[in-house]
Structure formats: structure tokens, C-alpha cells
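# Structural description and commentary
These are the residues of each chain, in order.
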Amino acid sequence: MSAPVAKPPAALPEELAAPERTGRRGSALVHRLFVVRELGILAALVLLVLVTVVANPRFLSGQNVRDLLLSAAILTVLAAGQTMVIVTRNVDLSVGSVLGLSAYATGTLLVVAPGTPVVVAVLAGTAVGAVCGLLNGLVVAAAGVPSLVVTLGTLYAFRGLDSLWASSADRLQINAADLPSGFKALGGARLLGVPVLFLVAVAVVLLVGWYLRTFRSGRELYGIGSAPEAARLSGIPVGRRVLTAFVVNGALAGLAGVLYAARFQTLDTTAGTGQELFVVAAAVVGGVAIFGGSGSVYGAALGALLLTTIGTALPQLGLDPFWRDAAVGALILAAIALDRALQLRLAARLRGRNARRDR
Amino acid sequence: MTVDTAPAPAGAAAPARRDRTLPAGSVITTFLVLFLVVAAFSVEGFASTRNAGFLLLDVVVIALIALPLTLIVVTGEIDLSVASTVGLCSAVMGQLWVAGLPLEAIVPLVLVLGGVLGAVNGFLVTRLGLPSLAVTIGTLALYRGLAFVVLGDQAVADFPRAWTTWAISSIGSTGIPTVVVPLLVLVVLTGVVLHATPVGRALYAMGNSEDAARFSGIDVARTKLWLFVVTGVVSALGGVYWTLRYGSARADNATGLELQVIAAILLGGVSIFGGSGGLLGVIAGALLLGSVRNALQLVNVPSDVLNIVTGVLLITAVVAPQVAARVKGRRRRRPAS
């Protein structure tokens, strides 16, 4: 993020830029380390599932897994969008409020016009999110104000708008009974036994991952996060790219709002409150560097899945569910400490190679 | 105040930054005064002693935690775990009270706990070199989680009457809460440290350029470590006060308060990048947020609007000086070209 462009992480871009100097072997090394990073989360996830299954074999029952995937779907979509923003050295804290606003907007649309096709409802919710993202992005990119501050402000503002709308429309809560059955079916729909909402999340992750990896503008997001000034000097339209990242992230938060509406079907103005922390946590646990420039959307998605699994696994392990937040916090700390260790090791190895070659 | 203290430590490195942040601190103070005057005349019941008491009681904890957090933000770091520290300290306080300890023993223990929690943040940031934003998002979740582990979802409410009534008592018939007095002492103390001692200058220096600060002999890591410890202790104090003021120790006490504290700091004109801003702006920011909320409540504006106002105020406070600086810069450039 743009905030305290603190000193230790400032070392990151240099080290990540180094592989270009060392050529293909260096970048292969970098690539391998990042794969190791994602495999690490995957290993943690598998380990957690195994331990839980040993303690309670019913953990892997069909219904339980489906519930888990449904809960993970919403966080995963949010984490995918957040990854795009964080790699540009920004952050969007307003996603929880955007989710709430979009869920309420979608619900209202469906109550007022029950005949609305599901696709239109999905698009409407996504559009609401995109507009919120556009507002965030415009203030960040045009006024040059740190995104932490702007999105902290819109966290309040969007939430306030949500509840103002609900109270002035005299519809404080939207219940399942008010929603058309076509939309409600989306929440429980399955394709080959897999919840459709989860498939939507997987599709989002693959799309964002593909974009970030193959498209020039996607790579430029990483460039901006590594070294904003260098990115500007090399002709990258920094403002426009950052704006795009915010709009896409807003749209995905809007989509997450629609998924939320479809899953829970009871909507009030507190939907998504506090989600921003879990979203940022999922990305960070998944290896997305908080100061931008590195990390992948697949890691963030695995992070989201891991955080959700912890929440459902703890009670199965006989632990008080109150331990969940503490476990999440410990996991974040472990993840960033691991990233730091990997980064130092990477830097040392790249230095070693350079030294050998120079000789 | 902000006007004459901020420029000096900012030094030669940041003339642009000075332009950007100086107006914010003084703007917010002016804005606060204007708002108070307008509200006093137009909002019925705003200028009463009773209302002033309520207003101040609501601002006390925010202003208290904003003091050390301002110092942290000035050095370019951040601590998002303060409200969770409040919650954990409140939960531990409740559990110790249930266990039968007297409050005279509990309070020091809780303050030490706060120091330890702050030291964990500080250790991770300064010794392991991890970004404070990520670390304190982690401890935000960790400390809040531990609070629930300690106390679950119950509340401990049978604290001695003498303590809880003191927490909301006022000085004579003035309506000013008694607790404002120790708070004022801490404000003055923090103000002096930040604006009139070498330590304060060192904090600005760190925020502007950590390397330069290190080369000029400042022990950056140690100073930051202590700042985190102090922030932990003060947050614990906030936890003790919160518990007594509401007469209830709960694990979810002060949830989300970190955002309000940071809003007050940024509204007060402290740069999130570190290196500039002043304490008076921060206090004005906290008071402004509190007064606006209070006045809107008095005229029966629904609480939803309060959130919108808070958000818009925060963004305006940061965007306005930015725009002003840009306009000024353009005007300056024109005659030259």
C-alpha cells in the first residue's frame, strides 16, 4: 500500500528487480520460490484438513464440504479483487461496505421487480460495486491521496449510504420470503455436486490470474507496485492502471455482494461488516506483499480457503470457536514472517550468483 | 501550535510535504471552532454543560489512544491493533475481577499486559523488519481473538460502584468529566515530547527519511519499539477506562475503534506517510468528529448519516490540502514560465 512506504519492504522491489539482471536462471529461481510459497499454503491447508478429518471423519462429508466451499466463495472473490489493488501498492478497505451496499441493492431490485432475470440482478450488483470502485479509484488516482485514507473514508460513507437507503425506503431487512425463487435457487444450485457460487469464485480467480500473468497491463500493475516512480518514468499510465484495479476490485466486491445475497437470503445493512480485514488477511496469508509488487491471485484464493477452513475446522477439533480470530491473527503473523525469511534468502542467493558471475 | 511546530522538524527534505499538510492541521482547528460556534447557536441543547460532558466522555478514549498513535504515524508506521488491545485488556480485567483480585492490583497488571502486547508488535516490526501495517492487522485479529478466548461472550459487570461512578463523574457542577484532567496532562506531556524535545524531532526525522535518521545517530529500531510499547500501555489504560465507564468488561469492547482513532489522526492533518503533522490538529480532529456526531444526534439525524459525514470529512480533510497545494503550485509556476 501507499501508506508508510516503510523501509524494510522498500528493499523488496530491488530484490525482485534483480532477476532481470541475472537473466533466466535468476527469474526461474524467483518463480520457484513463489511456487514454493503457494505450495506452502496448500500444504498447511491439506494438513489442517487431515488433522480435522482424523479428529472427526464427518468433516469431509458432502454437505460439510459444500458449506465450506460456499462460505469460501465470497471471501475468495473479494480476495481476488483485493490482490489486484494490493499489487499496485494500494489497498481497498471499503470492500466490506461495498459488499453490503451491493447485496442490499440487488435485494431491493429483486423485491421491487421480482421478474428480473438472475443475470440482470448479478450484473446490477456488480455495477453498483464498480461505481463504488470508480469513486475510490478516482480520488486515489486523481487527487493522489493515499488509498488507505480514502478507502477508510468510503468504508464509513458506503456503509452509511447503505443504512440511509434502508431506513428511508423503510425496508431495514430483506427476508428470504421477499426474494424470487429463481434467485434463491442460485444459492443452493450445484453443478456436478459442486456449489455454483464456488464455481463462480473459481472462474473469477482463473480470469484475474490469467489477466495478471499474461496481459501487458496486468504485468504493469506489478511494475507500479514494485516501483511507482520507475513505472511512471517507463511510460506506464500509472493513474489509469490504478483506477482500473480499483474499478475491477469494486466490481468484484459487488459480485461478492450478489453471492452474499444468494447465499444468505436475509439481508440487512450490516452485511459484510468487518470483512475488509479478512480479505486483506487472506491476501497476505496467500503471499501477496502488502507493499505491492508481488504475490499471485492463486495464493490469495488459497489464503481465503485456508481462513475459511480454520473457521469451520476449529469446532470439529473440539476447540472453542472463539479461537478462530486468534488463529487467523497468528496465521497472518506467521505468513508475513515466512515471506520476510524467503525474501532475505532469495536476496542472498541472487547476490551470491551475481558475485560468482562478476568474478 | 501546529503552525509553528511542524515546519521545523520537517526540515529541508520536505518543503512540498509541508505545503500539503500544514493547512490540514490549522484548517481542522479553525473548522472545529467554527463548527462549535455555529452548533452552539443553531443546535438546541448543544451548548449545555450536560451535553458538553457527554460529548467529552465519548471523545476521551479516542483522544487518549490517538496520543501515542500519532507519534507512531509520525514515524511512518501504524498500529491497527489498538482497539483489540483495549478489548483484550478489558476481558482480562473482567476475568481477574471474577477471580477475586482487587482493582488496585488488576489495573497495574493490565497495564503491564498492554505493554507486552505493544512490545510484541514492536518486536515484529523493528527486530524482524516486518511491515507494521501487516503485523498489526495480524495482531488486531490475534488480540481480539484472545479476548474472546479469555472471556467468551459473557460480560463482567459487578465492578465497585465507587470506580464506575468516578469514571463518569464531572468536576463540581461544570459538566466537564473528571477524567478530562488526567487526559489533559497526557496531552500536554505528549505535545511537549513531540514538539519540544530531541525525541520528538527524531520522530519526524524518522518519518521523513529513516536512513538519514539512522546516519545522524538516532536508534530508530529502539525508539520505534518503545513507541509500540507505550501505545500498548496507553491502549490498556483505555481498556480500563472503557470497562469502568460502561461498567462492563466484554471481549468485544471497542471493536472498530481503531478506525475512529486513525480517522481523528488523519483528519488532524498528520500525514499517513509520516514525517509531518502536529498533536493539536489531532485533538481538534477527535473533538470535531465527536462534536459533529453529537450535534447530529441532537437534531435527530439518523446514525447512518453520521457514518457518511465521518467518511466524507476524512476524505475532504486529506483531499482539500492536496488540491490547495496543487492550485498554489500552478499559480506559482505561471509567472515563471
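Residues numbered from 1 in each chain as written. Chains lettered and ligands numbered in written order. Predicted model: local features only at pLDDT ≥ 70, side-chain atom pairs only at ≥ 80, totals over all residues. Heavy atoms only, no water.

### What about the environment of Leu134 of chain A?
All names here are of chain A. Examined against the element boundaries, Leu134 turns out to sit in helix H5 (residues 118-143). With relative accessibility at 37%, the residue Leu134 sits in the partly exposed group. As a C-alpha pair, Leu134 and Leu243 span 109 residues in sequence and 6.9 Å in three-dimensional space. Apart from the residues within four sequence positions on either side, Leu134 is in contact with Leu243 and Val247. (Helix = DSSP H or I, 4+ residues; strand = E, 2+ residues; numbered from the N terminus. Buried < 20%, exposed > 50% of the residue type's maximum accessible area, 1.4 Å probe, protein only. Contact = heavy atoms within 4.5 Å.)

### So, the interface of chain B and chain A
Across the contact, 46 residues belong to chain B and 45 residues belong to chain A. Between chain B and chain A, a total of about 3900 Å² is buried, with carbon and sulfur atoms accounting for 80% of that surface. Among the residues of chain B in contact with chain A, Leu133, Leu259 and Phe273 of chain B are the three that bury the most area, contributing 13% of the side total. Applying the counting criterion to the chain B and chain A interface returns zero salt bridges. Linking chain B with chain A are two residue pairs in polar contact (both at pLDDT 80 or more). At the level of elements, helix H7 (132-151), helix H10 (198-208), helix H13 (257-267) and helix H15 (303-336) of chain B are the ones that each hand at least two residues to the side of chain B that touches chain A. A total of 14 residues in the side of chain B that touches chain A trace back to one element, the largest contributor, which is H7 of chain B. Partitioning the side of chain B that touches chain A into residue classes produces 28 nonpolar, twelve polar and six charged. (Buried area = accessible area lost by both parts, 1.4 Å probe. Salt bridge = Lys/Arg side-chain N within 4 Å of Asp/Glu carboxyl O. Polar contact = N/O pair within 3.5 Å; in protein donor to acceptor, adjacent residues only side chain to side chain. Nonpolar A, V, L, I, M, F, W, Y, C, P; charged D, E, K, R; others polar.)

### Points about the side chain of Thr76 of chain A
By the element assignment, Thr76 of chain A lies in helix H3 (residues 62-87). The contact partners of Thr76 of chain A, leaving out residues within four places of it in the chain, are Ala201, Val205, Ala301 and Ala304 of chain A.

### Some details on the packing of aromatic side chains
Applying the stated criterion across every chain, the model contains eight aromatic pairs over all chains. An angle of 15 degrees between the planes, with centres 5.7 Å apart, marks the rings of Phe322 of chain A and Phe148 of chain B as stacked. Of the two residues, Phe322 of chain A sits in the loop between helix H13 (297-316) and helix H14 (323-358) while Phe148 of chain B sits in helix H7, which places them in two different chains. Plain terms: the ring middles of Trp97 of chain B and Phe159 of chain B are 5.7 Å apart, the flat faces sit at 35 degrees to each other, and that makes the pair tilted. Remark: Phe159 of chain B occurs in the loop between strand S1 (155-156) and helix H8 (161-168) and Trp97 of chain B occurs in helix H5 (residues 82-98); sequence separation between them is 62 residues. By relative accessible area, Phe159 of chain B is classed as buried at 6%. The structure contains a cluster of three or more aromatic residues connected by ring pairs, namely Trp210, Tyr211 and Phe215 of chain A. (Phe/Tyr/Trp six-rings, centres within 6.5 Å; stacked < 30°, edge-to-face > 60°.)

### Remarks on the confidence of the model for chain A
Detailed reading of predicted coordinates is not advised where the pLDDT is low. Residue and element names in this part refer to chain A. Summing up the model confidence of chain A, the mean pLDDT is 83 and the portion of residues at 70 or higher is 89%. No element of chain A has a lower mean pLDDT than helix H1 (residues 7-22), at 42, and none a higher one than helix H11 (residues 238-264), at 92. Low pLDDT, under 50, characterises residues 1-23; the predicted model gives this stretch 57 contacts beyond four residues in sequence or across chains. (pLDDT = per-residue confidence, 0-100.)

### A short note on the environment of Gly247 of chain B
All names here are of chain B. Along the chain, Gly247 turns up in the loop between helix H12 (220-246) and strand S2 (249-250). What makes Gly247 buried here is its relative accessible area of 17%. As a C-alpha pair, Gly247 and Val156 span 91 residues in sequence and 8.3 Å in three-dimensional space. Residues contacting Gly247, with those up to four places away along its chain left out, are Val156, Ala157, Phe159 and Thr164.

### Focus on a nonpolar patch on the surface
Nonpolar side chains collect at one region of the surface, where Leu47, Val51, Leu317, Leu319 and Trp323 of chain A together with Val149 of chain B lie side by side and expose about 470 Å² of accessible area between them. Relative to the helices and strands, Trp323 of chain A is located in helix H14. Its relative accessible area of 35% is what places Trp323 of chain A among the partly exposed residues. (Patch = residues over 30% accessible without salt bridge, like charges linked within 9 Å, V, L, I, M, F, W, Y side chains within 5 Å. Areas by Shrake-Rupley, 256 points an atom, 1.4 Å probe, with all protein chains shown as cover.)

### What about the environment of Ser209 of chain B?
Inspection of the secondary structure assignment puts Ser209 of chain B in the loop between H10 and helix H11 (210-215). Accessibility expressed as a relative area gives 29% for Ser209 of chain B, which makes it partly exposed.

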